[in-house]
Amino acid sequence: MLLSGTILGLGMPSQAMAMSEARMRIGTIEVAYRYLATWSSGPLVQGRMPVDYGDRVTSFGRVYSRDALNDERLAAGRRWPVRRYTLRPGTLRVSCNVPALKCAVRSTVDYRLSDPVRHISERGSTRFDLGVGFNGPRPSILYEDGGLGAVGRSAAGR
């Protein structure tokens, strides 16, 4: 369920549009789905991740510049070239701080990872946390976190 950015007017500078909580919630959900769709796509080994990270992003407890996180994410994509992430129905929760122009989304994600060359795979579910800011011309990811293995996982081919 990807929502259209044109409906939201997200291409316009946020300073030029009044950000309602409803608009921020929809924008946050859109970013979360786009984030997971990106991670569920083919190899990320070429160029840049097509995800809008902020200038500084906290990723799994560590602070990165946008470029450093991009490099880290591309390396993770090479480790697991075949990936599928799906939000578990009924688990998506969004909370917003309208004056700060920030929202957070939390959900459970089911995943399948594999590397056909190394003949390994992993699947399971995890907590998914994403923070989204609305201070710039487009929503940007401020933090990402989760608990890989915290909800449950299984591995094959090790």
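For the structure itself, consult the block above.
This text gives an overview of the structure that appears in the document. One numbering rule holds for all chains: residues counted from 1, following each sequence as written. Per-residue local features are limited, in this predicted model, to residues with pLDDT of at least 70; the limit for side-chain atom pairs, both in listing and counting, is 80 or more; totals at the level of whole chains, interfaces and linings are taken over all residues. Based on all heavy atoms of the structure, the side-chain values leave hydrogens and waters out of the count.

**Examining the pattern of salt bridges**
Thinking step 1. Note on definitions: salt bridges are taken to be side-chain nitrogens of Lys or Arg within 4 Å of carboxyl oxygens of Asp or Glu. Across all of its chains, the model carries 7 salt bridges by this definition.
Thinking step 2. Of the charged contacts, one joins Arg88 and Asp110 as a salt bridge, the two residues approaching to 2.6 Å between their closest N and O atoms. Of this pair, Arg88 sits in the loop between β3 (82-87) and β4 (93-97) while Asp110 sits in strand β5 (residues 102-115); the two residues are 22 residues apart in sequence, bridging distant segments of the chain.
Thinking step 3. Put simply, Arg106, Arg127 and Asp129 are held in one network by salt bridges that share partners. Numbering of helices and strands starts at the N terminus; helices are DSSP runs of H or I of at least 4 residues and strands are runs of E of at least 2.

**Some words on unusual backbone geometry**
Thinking step 1. Unusually for a residue other than glycine, Leu101 sits at a positive phi of about 55°.
Thinking step 2. With respect to the secondary-structure elements, Leu101 resides in the loop between β4 and β5.
Thinking step 3. Relative accessible area serves as the criterion here: at 22%, Leu101 is assigned to the partly exposed category.
Thinking step 4. Here the phi dihedral of His119 falls at roughly 60°; this positive angle occurs in a residue that is not glycine.
Thinking step 5. Structurally, the position occupied by His119 is in the loop between β5 and β6 (120-133). Exposed residues in this analysis have more than 50% of their type's maximum accessible area, buried residues have under 20%, and partly exposed residues fall in between, with area computed by a 1.4 Å probe over protein chains only.

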